[in-house]
Amino acid sequence: MCHVARGVFLSPGNRPGPRVGSSRRGKACGAGMGKKQKKEVEPSPKDAFNSLVIESKNVQTVVLMLDSPEDEVLLKACEAIYRFAEKGDENKMNLLALGAIPRLAKLMSHADKQIHMYATMAFGVMATNSEVRKSMRQLNFLPSIIACLAPDDDVVVHELATLCLASMSIDFTSKVEIYEKGGMGPLVHLLSSPDPDVQKNSIECISNLVKELSDLHADTLHVLANCLEEAQNVTIIRDSGALEKFLLFVATSSLPEAQKHATNAITRSARNSETRHIFHQEGLEKVLVMLLGINNDAIKVAACEAVSVMSEDEASKEAFRTEEGIAHVVALLTSDNVEMEEAAALALANLTTANSSNASAVFEAEGVELLVKLLTAPGDGIVVNAAATITNLALQEPIRASIQNCGAMTAIVEPLKSSNTLVQSKAALVVASLACDANGRTELRNAGGLEPLVELLHSNNDEVRRNACWAVLVCGKDEPTTAELCKLGALEILQEISLSSSHRNSFSDAAVKRLLDHNAALKYALTGYLSSNDIITDGFYDPGRIKPGMKILPLEELSNQELNPHRPILLINAKRTEGHQMAGLAIEDKLSDAPSTSSNRLVSSKTYSRDKSSSKGKSRGKKEEEKPVQVKAEEEEKNKPWECPYDVLFDAYLSEITRNILPLPSTRGQIVALAMFVSEKMGGPLNKEKLHEFTWELHIADLKFELKSNIIPIGKIQKGIYYHRALLFKALADRIGISCSLVRGDYNRAWNEVKLIDQPSHDNPGLFIPPTIYILDLMYQVGNLMRTDSPDAAHYESYTGCKLTPCKCCK
């Protein structure tokens, strides 16, 4: 029903609600209603026509109203026709037969926005009918529809206008006309419309325009590329059949700028997992490989970036290898274009992530040496991507060996020193991946790479610190590297990290343990425990208990300290070098000459200088003659590399137990015999009641004075208590294969724990009995094995077991 008022505007009865998005101006119907006021009514002019209200239920009448010169009549008629056409195809055919189409086409360009809006809406709805579209093609209405796509038009107008164009673009003649009339540009702009229906209609229209055009112009490629920004758009394009044609044109187009723009759009769109899957199904990998072979750097860079994103999909990784795309990417690493090198390295990094087959393909394409060279490239992005790729390749042992042969550990030193945290992080990962081999650790150590690696442990960046801890963990697999790391302070830094709740990570604690596992001296000083797997080797020293976080000085620095009254540093070393005077002597000669020889080897350069100064009583002339000799001798002594003092007596102990104790048939017998041997060398069994008479402290002080050093070789000690004897037992037991542990207690206590399997009873001869842990008595009842849960063991471990107060051994 249509209500038409002549001379008075009536409020519209049924109009679109919020969907229309615009309000109409007009006076309310019955504006004169309300309280009656006394007012003189002016007579109307003689030529004026009184208001006439028309109600019509006939569609033909409403169509005729489209020819009215009055805006209000036109508005109501357009609105009524829009609602009538929206109800179904039969109504659309009726309107077509009544000649509504040409009338609506004229009204789409009407000056009144409301009339323009409803005419466009009605026209757009009717265009969904194929028969109506045939009639529409006879009219020159497309410019008017395209004009409705202007940004300042109402969103409902946009929706119905794009719906009309999407419907018309199904026919070839209409799609050519839409393209020629400049409809592509406005449609692209509407892809960013907030209304999803507008976006959908626009993309459908664009897909139809592209699908059957014989040649894609540059702007067409740009348009469709922009359509790929949304995942739902990609689905629509694929379903319309336009995506396959689009990809073909991207690969074969003669317009480089359009190809680049389209490839970049593909890259952005492929960040969505669903879109990547669609691209893979359409064979995008083959297209990108073709683009990698084009003689245009910009296109190659864009293609590499697309490869990087697509490589997040495992199926795409496999497809790139099948299409021989990896070899194409590797070839780009030799480019002089920095941007291309970075993009190619990134593509390889993503292609080889968790894919051993692709890693092998990079190796077969001779990419290893090229990647190692990029570690020293000037751009941080290149270094980061090359390092990431090398880390992936190094997971395979044959490739890892090749990487090391190319000097990767030497090349990675400079990236470790970088100020860029991302470079630091990736460089640390390279070290972690290559340092698992001894050759890699040696090369890194010789190249000076350990120092910058340790510095990264101080980083405030969580990822850098974590990867540095990981690298240190891997590097700490041999004693030379571990010793160097500890010398650089890695252990103290790692301990600080482990104590920090914010800096601690999954590798910091493991790295501390690894460093200690390969440095028994540090482990015993910090933890007070050496297991049967912790073997005491030559060069071991016991500086006493060290608190966590304190720096542990190496033995060479400790040897240069002035004599002090503190606890001596116990040394285990039976290793001779050519410089030692005892090197050529037999065991018997060693034993007879040991005190004087050993003492001479431990005299410091300062003592040597003092001895030389005692020649002041000689004649001045003789001094002048000897001066050049003295200077030369002092220079030689100063320049001579430091050597760990050789313990000739401990070396003799090893020969003796190897000869007498090792051949014993049972482990228990070996343990008891070795216990008695140690006790004999350390002053024999002691009486608890007379322990205070055992002047071991004076003996130790005399040795320090005699040697002019705080370091005492274990073999020199002839009066030893708990911690001396336990250390000597552990050192000797490790050499002849007796499994035992060393435990430090309080108040100079230490003891050894051994595991023995007791004999089964006669009733159960085949019964398996787990080994029992015993504590070995080296002080009183020498050789006595005490179960760890026995009172005797508790007394041996604790100073409370001593009956004397105060107890000199427990100071």
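All figures in this text were calculated on a predicted structure; none of them were measured in a lab.

1. Here's the deal with the overall build of the protein
- Secondary structure summary: the protein contains 44 helices and ten strands in total.
- Put simply, the protein has 811 residues, and 49% of those count as buried.
- Pairs at least 24 residues apart make up 69% of the contacts formed inside the protein by residues separated by at least 6 positions.

2. What to know about the pattern of salt bridges
- Evaluation of the coordinates by the stated rule reveals 28 salt bridges.
- One salt bridge connects Lys 92 with Asp 89, and the closest N-O pair in it is separated by 3.6 Å. Residue Lys 92 and its partner Asp 89 are located together in helix H3 (residues 89-97), separated by three residues, close to a single helical turn.
- Overall, the relative accessible area of 5% leaves Lys 92 in the buried class.
- Among the ionic pairs, Arg 744 bridges to Asp 542, the shortest N-O distance being 3.0 Å. Here Arg 744 is found in strand S7 (residues 740-744), whereas its partner Asp 542 is found in strand S4 (residues 540-542), with 202 residues between them in sequence. In this pair, the class of Arg 744 matches that of Asp 542, namely buried.
- One network of salt bridges, in which partners are shared, links Lys 513, Asp 517, Lys 523 and Asp 534.

3. Quick look at the confidence of the model for the protein
- Of all residues in the protein, 81% attain a pLDDT of 70 or more, and the chain-wide mean is 82.
- For the stretch residues 581-619, pLDDT sits under 50, and the model shows 54 contacts to residues farther than four places along the chain or on other chains.
- Long-range and interchain partners of residues 800-811, a stretch whose pLDDT sits below 50, account for 28 contacts in this model, where long-range means more than four residues apart.

4. Topic: the pairing of strand S9 (residues 772-776)
- Of all five residues in S9, four are buried; the element is thus mostly enclosed.
- Alignment of strand S8 (residues 750-756) against S9, held across five bridges, turns out to be antiparallel. In the strand pairing of S9, Lys 755 is matched with Ile 773.
- Of the pairings in the sheet, the one linking S9 to strand S10 (residues 785-787) comprises three bridges and is antiparallel in character. Opposite Ile 775, over in S10, you have Met 786 as the bridge partner.

5. Topic: the packing of aromatic side chains
- Applying the stated criterion across every chain, the model contains six aromatic pairs.
- With 6.3 Å between their ring centres and 55° between their planes, Tyr 82 and Tyr 118 make a pair best called tilted. Here Tyr 82, found in helix H2 (residues 71-85), pairs with Tyr 118, found in helix H5 (residues 113-126); they are 36 residues apart in sequence, far enough to count as distant. Assigned by exposure class, Tyr 82 and Tyr 118 land together as buried.
- A centroid spacing of 6.2 Å and a plane angle of 70° characterise the contact between Tyr 722 and Tyr 780, whose relative ring orientation is edge-to-face. Taken together, the positions of Tyr 722 in helix H43 (residues 722-736) and Tyr 780 in the loop between S9 and S10 put the pair 58 residues apart, joining distant regions of the chain.
- Residue Tyr 722 is classed as buried on the basis of its relative accessible area of 2%.
- Put simply, the rings of Tyr 722, Tyr 780 and Tyr 796 touch in pairs and so form one group of aromatic residues.
- Here Arg 744 stacks its cationic end above the ring of Tyr 524, 4.1 Å away from the centre of that ring.

6. Some remarks on the sheet that holds S4
- Ordered in space as S4-S5-S6, the three strands form an open sheet in which the pairing is mixed. Of all the strands in the sheet, the pair left with one neighbour each is S4 and strand S6 (711-713). Sheet twist, expressed as the mean angle between neighbouring strand axes with direction ignored, is 30°.
- Across three bridges, S4 lies against strand S5 (residues 569-572) in antiparallel orientation. Across the sheet, Asp 542 pairs through a bridge with Leu 570, a residue of S5.
- Where H43 meets the sheet, its contacts fall on S4 and S5, and the angle it forms with S5 comes to roughly 15°.

7. Description of the sheet that holds strand S3 (residues 529-530)
- The five strands are arranged S3-S7-S8-S9-S10 in an open sheet whose pairing can be described as antiparallel. In this open sheet, the two edge strands, each paired with only one partner strand, are S3 and S10.

8. Re the state of the cysteines
- Within this structure, the stated rule accounts for zero disulfides.
- For the unlinked cysteine Cys 148, the closest cysteine sulfur is that of Cys 164, found at 8.9 Å.
- Since its relative accessible area comes to 0%, Cys 148 is described here as buried.

9. A closer look at the packing of helix H15 (residues 256-269) against helix H18 (residues 297-310)
- One can describe the packing of H15 onto H18 by two numbers: an axis separation of 9 Å at closest approach and a directional angle of 15°. With respect to each other, H15 and H18 are oriented roughly parallel. H18 is crossed by H15, and the crossing has left-handed handedness. Across the interface between the two elements, Pro 256, Gln 259, Lys 260, Thr 263, Asn 264 and Thr 267 of H15 pack against Ala 298, Ile 299, Ala 302, Ala 303, Glu 305, Ala 306 and Val 309 of H18.
- For the contact of H15 with H18, a count of residues per class yields seven nonpolar, four polar and two charged.

10. Concerning unusual backbone geometry
- Located in the positive-phi region is Glu 324, a residue other than glycine, with phi close to 60°.
- Along the polypeptide, Glu 324 turns up in the loop between helix H19 (314-322) and helix H20 (325-331).
- Judged by its relative accessible area of 56%, Glu 324 is exposed.
- Phi is positive for Tyr 747, close to 55°, though the residue is something other than glycine.

11. Side note on the side chain of Arg 744
- A relative accessible area of 12% means that Arg 744 is categorised as buried.
- Residues within four places of Arg 744 in sequence aside, it is in contact with Tyr 524, Ala 525, Gly 528, Asp 542, Gly 544, Arg 545, Arg 567, Arg 749, Ala 750 and Trp 751.

Cut-offs applied
- Each chain carries its own residue numbering, running from 1 in the direction its sequence is written.
- Residues qualify for local features only when their pLDDT is at least 70, as the model is predicted, and side-chain atom pairs are given and counted only at 80 or more; totals for whole chains, interfaces and linings, by contrast, use all residues.
- Computation of side-chain values covers all heavy atoms of the structure but excludes hydrogens and water.
- Numbering of helices and strands runs from the N terminus; a helix is a DSSP stretch of H or I covering at least four residues, while a strand is a stretch of E covering at least two.
- Throughout this description, buried means an accessible area under 20% of the type-specific maximum (1.4 Å probe, protein chains only), exposed means over 50%, and partly exposed covers the range between.
- Note on definitions: a residue-residue contact is assigned when non-hydrogen atoms from the two residues lie within 4.5 Å.
- Here, a salt bridge means any Lys or Arg side-chain nitrogen found within 4 Å of an Asp or Glu carboxyl oxygen.
- What pLDDT conveys is the predictor's confidence in a given residue, as a value from 0 to 100.
- Only strands that DSSP links by at least two bridges are regarded as paired with each other.
- In this scheme Phe, Tyr and Trp rings, the latter by its six-membered ring, pair at centre separations within 6.5 Å, and the angle between planes marks the pair as stacked below 30 degrees, edge-to-face above 60, and tilted otherwise.
- Any Lys NZ or Arg CZ found within 6 Å of a ring centre and within 35 degrees of that ring's normal is scored as a charge over the ring.
- Axis lines are fitted through C-alpha atoms, for helices just across the contact stretch, and the angle between N-to-C directions can take any value from 0 to 180 degrees.
- In this description, a disulfide is simply a cysteine sulfur pair whose atoms lie within 2.5 Å.
- Put simply, angles under 35 degrees are roughly parallel, angles over 145 are roughly antiparallel, angles from 65 to 115 are roughly perpendicular, and the rest are oblique.
- Each crossing gets its handedness from the near helix: less than a right angle anticlockwise from the far helix is left-handed, clockwise is right-handed.
- The residue classification treats Ala, Val, Leu, Ile, Met, Phe, Trp, Tyr, Cys and Pro as nonpolar and Asp, Glu, Lys and Arg as charged. All others, Gly included, are polar.

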